[in-house]
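# Summary of the model geometry
Here is how the chains run, residue by residue.
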Amino acid sequence: MFLVADMPGVDETSVSIDLEGSELTIRGTFLPKAPDGYSLTYQEYGSGDFERSFTLGDTIDRDGIKAEVKDGILRLTLPKAKEAQPRRIAVKAG
């Protein structure tokens, strides 16, 4: 399972992800940056903080969660717990 969040202007230093019980919380801060020697005349997004929370089901392996941010897109990998993975039941002759 994957969770993808668009977070323009955010990098790995300005985002935090916390897991408490079954609640996954994503927090971030956006601060506009102008390249050296330039000043901002217009910006699409205002600076500020944001937060989103999600409740995870029991089928998620909490120890296996991984996060990656690139080009303002956060990707969380939420693997299934081993107990929740499908398995085949062997059938024996009676």
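Preceding block: the structure.
Just so it is clear, the model here is predicted, and its values are computed rather than measured.

Before going further, it helps to examine the sheet that holds strand S3 (residues 23–30). Strand order in the open sheet formed by three strands is S2-S3-S4, with antiparallel pairing between adjacent strands. Since the sheet does not close on itself, it has two edges, and those belong to strand S2 (15–20) and strand S4 (48–55), each with one partner. The sheet shows a mean angle of 15° between the axes of neighbouring strands, taken without regard to direction. Pairing of S2 with S3, which is carried by six bridges, proceeds in the antiparallel orientation. Directly across from valine 15, in S3, lies its bridge partner glycine 28.

Here the focus is unusual backbone geometry. We note that aspartate 71 has phi near 55°; this positive angle belongs to a residue other than glycine. Structurally, the position occupied by aspartate 71 is in the loop between strand S5 (66–70) and strand S6 (73–77). For aspartate 71, a relative accessible area of 72% puts it in the exposed group.

Conventions we followed
Residues numbered from 1 in each chain as written. Predicted model: local features only at pLDDT ≥ 70, side-chain atom pairs only at ≥ 80, totals over all residues. Heavy atoms only, no water. Pairing = 2+ DSSP bridges. Helix = DSSP H or I, 4+ residues; strand = E, 2+ residues; numbered from the N terminus. Axes fitted to C-alpha atoms, helices over the stretch in contact; angles between N-to-C directions. Buried < 20%, exposed > 50% of the residue type's maximum accessible area, 1.4 Å probe, protein only.

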